[in-house]
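Each chain, written out:
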Amino acid sequence: MGTGSFAQNQPTIIPIETRRNALVLQTDKENHLGIIYFGKKLSQSAEYKSIPSQSRQHDGNAGIYNSAYTPSGTWSVSEPALQLTHGDGNKSLDLVYVSHKTTKENDNVSVTSIVLKDPVYAVEVTLFYKTYFQENVVEQWNVIKSEEKNPVTLQKYASANLYFIAKDYYLTHYNGTWAKEMNPEEELLTAGIRVLDSKLGTRANLFQPPSFSLSFDKPATETEGKVLLGTLAWSGNFKMDFEVDSYHNLRLIAGINPYASEYPLASKQEFKTPSFIYTFSENGKGEASRNLHIWARKYRILDGEGTRMTLLNNWEATYFDFNEDKLSELFKDGKKLGVDLFLLDDGWFANKYPRNNDQAGLGDWQENIKKLPHGIGYLVKEAQKTGIKFGIWVEPEMVNPKSELYEKHPDWVIKQPQRPEHYMRNQLPLDLSNPEVQNFVYGILDKLFTENPDIAYIKWDCNAITFNAYSAYLEKSKQKQSQLYVDYVKGLYKVLEKIRAKYPKIPMMLCSGGGGRVDYEALKYFTEFWPSDNTDPLERVFMQWEYSYFFPAITQSAHVTDWGKQPLKFRTDVAMMGRLGYDIVVSHLNEKDLKFSQEAVATYNSVKDVIFQGDLFRLVDPKKNDYAALMFAAKNKSKAILFSYLVGNRNGDGSDTPFRLEGLDASKNYKVKELNLYPETKSALKEDQIYSGEYLMTVGFNPIVNARRTSVVVEITVVN
Ligand code: DGJ
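Residues numbered from 1 in each chain as written. Predicted model: local features only at pLDDT ≥ 70, side-chain atom pairs only at ≥ 80, totals over all residues. Heavy atoms only, no water.

Caption draft 1: Main features of the packing of aromatic side chains. Taken as a whole and judged by the stated rule, the model has 47 aromatic pairs. Centroid distance Y169 to F216: 6.2 Å. Interplanar angle 85°. Geometry classified as edge-to-face. Taken together, the residues Y169 in strand β10 (residues 169-175) and F216 in strand β13 (residues 211-216) connect sequence positions 47 residues apart. The same class applies to Y169 as to F216, namely buried. Plain terms: the ring middles of W460 and F526 are 6.0 Å apart, the flat faces sit at 90° to each other, and that makes the pair edge-to-face. Of this pair, W460 sits in strand β25 (residues 455-460) while F526 sits in the loop between β26 (508-510) and β27 (528-529), placing them 66 residues apart in sequence. Take F526: its relative accessible area is 1%, and that puts it in the buried class. Through successive ring pairs, a cluster of aromatic residues spans F38, F164, Y169, F212, F216, F242, F276, Y278 and F280. (Phe/Tyr/Trp six-rings, centres within 6.5 Å; stacked < 30°, edge-to-face > 60°. Helix = DSSP H or I, 4+ residues; strand = E, 2+ residues; numbered from the N terminus. Buried < 20%, exposed > 50% of the residue type's maximum accessible area, 1.4 Å probe, protein only.)

Written as structure tokens, this is what we have:
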């Protein structure tokens with residue numbers, strides 16, 4: 001037990017600064033660390049000491065609300081960030097400031113760490129704030145350490161505890177389900193706690209992602225207002241508490257969901273929380289999301305500053321019904337289309353219980369000899385002969401009860417031994433808390449790559465949530481069942497870490513029956529994600545728009561399919577706003593459609609760098625207008641690609657009122673040219689019309705969508 005004295009006279013002030021913003025922490029008389037300021041940074045940092053402390057411990061008020069990491073069971077009776085039971089059964093925790101330091105990783109990245117200690121018990125918490133100066137992004141996490149003799153039990157162990165002072169708070173959060181992902185709702189936060197959470201385990205984001213935007217004073221627009229974009233980098237259960245306190249200030253606590261997740265911490269062990277990542281802007285959501293995109297591409301996403309391949313996927317073209325001949329034809333189709341890669345989807349494996357539908361075979365990762373008598377190796381070679389790369393689908397975390405794997409290793413499956421099994425899509429998650437299962441999952445990928453070194457792409461799926469959370473492994477190894485939700489995710493990251501150590505570059509798509517799993521921890525290992533199985537392009541205009549607040553276009557897989565009623569051009573234009581792929585029967589395309597698609601792939605290849613690495617400007621919001629418009633502008637302002645879509649059919653026409661473009665150089669002239677024209681149609685835009693950047697950004701421009709041309713892609717190129 002530590003009993004150090006922590007008294008001091010002068011408050012310690014710790015500013016966590018980026019280029020534009022500051023989070024200022026300060027100790028109070030009792031050495032508790034609170035947040036005294038969040039927002040635009042002051043030009044004279046010495047003035048931070050004039051900011052009044054937010055500590056309020058009078059009139060029977062509930063302790064200090066603004067704690068930088070709220071403990072539980074002592075002076076604070078607010079929603080805690082850290083709640084635990086000590087080795088002796090005592091549930092009280094106090095955290096006082098001990099020390100802090102800032103380490104510079106390079107000119108742009110610094111880490112401030114602040115040590116807090118319980119004066120009575122040997123529990124220590126280090127708060128970490130990693131700042132990305134130019135991008136105005138902060139990544140925050142904590143390390144909790146115990147030196148108590150007996151294990152401590154962590155009940156709630158959040159990643160971030162922030163405090164905001166504003167007139168009002170508007171929270172935009174997202175809800176959805178399969179094929180209906182990312183429906184935004186904005187609400188004024190009122191007194192009490194608003195919770196965003198998931199208890200779904202494996203496919204944690206199915207109903208709600210751990211990403212939100214929070215506007216201060218009034219709802220922010222794309223170009224105006226104070227707004228924070230926040231997201232938790234964790235592929236499991238999460239909980240975010242937004243509490244408007246009795247002073248109308250806002251407490252935010254975000255982290256792993258404590259639900260059924262008490263976690264033991266042995267002596268000298270450390271628990272590192274996942275990262276909470278946020279950016280703040282005084283100039284609206286557009287600037288905030290561009291900052292997040294730049295950060296993500298540079299520091300987070302695997303190969304974020306690289307490029308992506310176009311592909312042909314066979315899922316909707318064949319579902320489970322294919323054989324070698326059919327696939328060879330599809331390789332040729334892919335080649336004809338001009339894409340880089342063929343992606344073989346579900347259905348290629350399992351023999352005793354063949355994977356001919358979604359009821360059997362998951363877990364048995366041997367080629368189905370009826371469909372593929374010559375194995376994957378043969379397919380890879382055939383594809384290569386045709387001049388196309390080969391990629392493959394796996395769902396390695398899952399098992400069908402009808403499988404050899406289930407028969408052999410029922411104890412590897414997450415299920416309650418005494419209760420009926422409960423399925424989603426006829427399957428169950430494997431128990432990734434078990435190191436044997438981790439090895440098995442790693443082995444699936446390792447075997448595929450070792451036997452077929454030319455496999456060029458992986459789609460990693462995950463189609464079931466976690467019911468009946470119980471681990472035979474944790475039971476046998478005398479660990480706690482309440483570790484399962486957390487240890488599952490840790491196990492998953494261990495596997496991905498090992499895969500990336502051996503195969504650092506191979507592109508992988510993060511899929512979870514759609515957007516059931518996308519976050520910035522997983523995206524360390526994946527190059528892109530599958531936003532939704534819903535590929536109706538009209539729906540995708542909205543979904544991709546919402547995802548774009550948090551994830552740059554280079555991460556969003558978008559395929560041209562037969563979903564929806566929109567013409568091929570519309571479907572293609574929408575898919576071009578992300579990593580373009582196709583999931584159609586190419587041989588069913590008529591001559592004109594094929595020609596259009598071939599040209600579209602070539603056009604896309606010539607502009608995709610601007611889409612992947614450029615700045616995104618959302619110009620006309622489809623939720624509020626009959627049409628949508630957005631543009632990607634190259635950093636050096638030499639080129640931009642503008643997309644516009646008719647989304648409302650009430651008037652049948654979009655507006656012809658010019659809307660202001662952004663991201664161009666006002667002093668330069670630009671040539672405007674329509675791309676992706678359907679064969680034998682003429683552009684409604686005047687050929688090679690020149691406008692100044694000033695004109696385009698002041699008066700504006702509208703390529704006009706209407707019932708006769710429902711989508712438009714425009715290239716804007718600097719001429720002088
Ligand atoms: C769900 C995915 O979202 C689909 O794209 C497809 O891969 C199927 N699983 C295959 O079972």
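Caption draft 2: Expanded view of the layout of surface pockets. In this structure, the largest pocket occupies an estimated 540 Å³ of space. Along its surface, the largest pocket is lined by 27 residues, and W234, K272, K490, G491 and Y493 are the ones closest to its centre. With six residues, helix α8 (residues 484-502) is the single largest residue contributor to the lining of the largest pocket. Residue composition of the lining of the largest pocket, by class: eleven nonpolar, seven polar and nine charged. The two domains that each donate at least three residues to the lining of the largest pocket are domain 1 (13-300) and domain 2 (311-609). Empty space within the second largest pocket amounts to approximately 440 Å³. Along the walls of the second largest pocket sit 22 residues, with E222, K285, Y549, D621 and K624 positioned nearest its centre. Breaking the lining of the second largest pocket down by element, the ones donating at least two residues are β10, β11 (183-188) and β30 (615-620). When residues of the lining of the second largest pocket are assigned to their parent elements, the largest contribution, three residues, is made by β11. (1 Å grid on protein atoms, 1.4 Å probe; cavity = no way out; pocket = protein on both sides within 12 Å on 5 of 7 lines; lining within 4 Å. Points joined across faces, edges and corners; volume = space filled by probe spheres on them. Nonpolar A, V, L, I, M, F, W, Y, C, P; charged D, E, K, R; others polar. Domains from an automatic or database assignment.)

Caption draft 3: Geometry of the UniProt feature "binding site: substrate" (unreviewed entry) in the protein. Mapped onto this numbering, the UniProt entry gives "binding site: substrate" (unreviewed entry) at W178, D345, D346, R425, K459, W460, D461, C462, N463, C511 and D533. The residue W178 is located in the loop between β10 and β11 in this model. Taking the relative accessible area as the measure of exposure, W178 reaches 41% and is therefore partly exposed. A polar contact of 3.3 Å, which involves the side chain of W178, links it to the backbone oxygen of G513. (UniProt positions renumbered as here; feature names shortened; annotations may be inferred. Polar contact = N/O pair within 3.5 Å; in protein donor to acceptor, adjacent residues only side chain to side chain.)

Caption draft 4: Seen up close, the domain arrangement of the protein. Per the domain assignment, the segments making up the protein are domain 1 (13-300), domain 2 (311-609) and domain 3 (616-719). Inter-centroid distance (C-alpha atoms) of domain 1 to domain 3 is 40 Å. On the side of domain 3, six residues touch domain 1, which itself brings ten residues to the contact. For the pair domain 1 and domain 3, the two sides together bury roughly 600 Å², of which 48% comes from carbon and sulfur. When the buried surface of domain 1 facing domain 3 is broken down by residue, E222, R290 and H293 rank first, second and third, together holding 59% of it. Remark: the boundary between domain 1 and domain 3 carries one salt bridge. Measuring nitrogen to oxygen at the nearest pair gives 3.0 Å for the salt bridge that ties R618 to E222. Across the contact surface, domain 1 and domain 3 share four residue pairs in polar contact (both at pLDDT 80 or more). Residue classes in the side of domain 1 that touches domain 3 are distributed as two nonpolar, four polar and four charged. (Contact = heavy atoms within 4.5 Å. Buried area = accessible area lost by both parts, 1.4 Å probe. Salt bridge = Lys/Arg side-chain N within 4 Å of Asp/Glu carboxyl O.)

Caption draft 5: Examining the site of the ligand more closely. The full set close to the ligand counts 13 residues, and D345, D346, K459, D461 and D533 are the nearest of them. Between the ligand and D346 there is a distance of 2.6 Å, counted from an oxygen atom to a side-chain nitrogen or oxygen. Note that an oxygen atom of the ligand is positioned 3.1 Å from one of the side-chain N or O atoms of W393. Within the shell around the ligand, the residues separate by chemical class into four nonpolar, three polar and six charged. (Near = heavy atom within 4 Å.)

Caption draft 6: The packing of helix α10 (residues 568-575) against helix α11 (residues 591-613), seen in detail. Where α10 meets α11, the axes come as close as 11 Å, and the angle between the chain directions of the two elements is 15°. In this view, α10 runs roughly parallel relative to α11, as classed from their interaxial angle. Remark: the crossing between α10 and α11 carries right-handed chirality. Taking contact as the criterion, the partners of L568, K569 and T572 in α10 are, on α11, D593, F596, S597 and A600. Of the residues assigned to the contact of α10 with α11, the class counts are three nonpolar, two polar and two charged. (Axes fitted to C-alpha atoms, helices over the stretch in contact; angles between N-to-C directions. Parallel < 35°, antiparallel > 145°, perpendicular 65-115°, else oblique. Left-handed = near helix turned anticlockwise from the far one by under 90°.)

Caption draft 7: Geometry of the sheet that holds β27. Strand order in the open sheet made by the eight strands is β27-β26-β25-β22-β21-β20-β29-β28, with parallel pairing throughout. Only two strands of the sheet have a single partner each, and these edge strands are β27 and β28 (557-560). For strand β22 (residues 389-394) and β25, the ladder comprises five bridges, and the chain directions are parallel. What sits directly across from F390, in β25, is I455. Seen against the sheet, α8 touches β25 and β26 and runs at an angle of roughly 170° to β25. (Pairing = 2+ DSSP bridges.)

Caption draft 8: Structural context of the pairing of β28. Alternating positions in β28 separate into two faces, S557 and H559 on one and A558 and V560 on the other, with burial throughout. Examined bridge by bridge, β28 and strand β29 (residues 579-582) share four bridges and lie parallel to one another. Paired with S557 across the bridge in β29 is R579. In this fold, the crossover linking β28 to β29 by way of α10 has right-handed handedness. (Right-handed = clockwise from strand over helix to strand, strands pointing away.)

Caption draft 9: Geometry of unusual backbone geometry. Residue R425 is not a glycine yet carries a positive backbone phi of 45°. Its location among the elements puts R425 in the loop between α5 (404-408) and β24 (428-429). A positive phi angle, near 55°, is found at K478, a position not held by glycine. Checked against the element boundaries, K478 lands in the loop between α7 (472-476) and α8. Given the relative accessible area of 78%, K478 is considered exposed.

Caption draft 10: Expanded view of the environment of L23. For L23, the position within the fold is in strand β2 (residues 21-27). Expressed as a C-alpha distance, the spacing of L23 and L196, which sit 173 residues apart in the sequence, is 23 Å.

Caption draft 11: Here's a closer look at helix α6 (residues 435-451). Taking 1.5 Å of rise per residue, the 17 residues of α6 would be expected to cover 24 Å, and the 23 Å separating its terminal C-alpha atoms lies within 8% of that figure. Considering bend angle alone, the principal kink of α6 is centred on G443 and spans about 25°. Along α6, the residues that are buried comprise V437, Q438, V441, Y442, I444, L445, D446, L448 and F449. Residue N434 occupies the N-cap position of α6, its side-chain oxygen lying 2.9 Å from the main-chain nitrogen of E436. (Expected span 1.5 Å × (residues − 1). Bend = angle between axes of the 7 residues up to and from the residue.)

Caption draft 12: Highlighting the side chain of N434. Inspection of the secondary structure assignment puts N434 in the loop between β24 and α6. For N434, the residues in contact, after removing those within four places along its chain, are W412 and Y473.

Caption draft 13: Here's a closer look at the confidence of the model for the protein. Confidence in the prediction for the protein averages 95 pLDDT; 97% of positions are at 70 or higher. In this model, residues 1-8 is a region of pLDDT below 50 whose contacts with residues beyond four sequence positions or in other chains number 20 contacts. For residues 58-62, every residue scores under 50 in pLDDT, and the model assigns this stretch five contacts once sequence neighbours within four places are set aside. (pLDDT = per-residue confidence, 0-100.)

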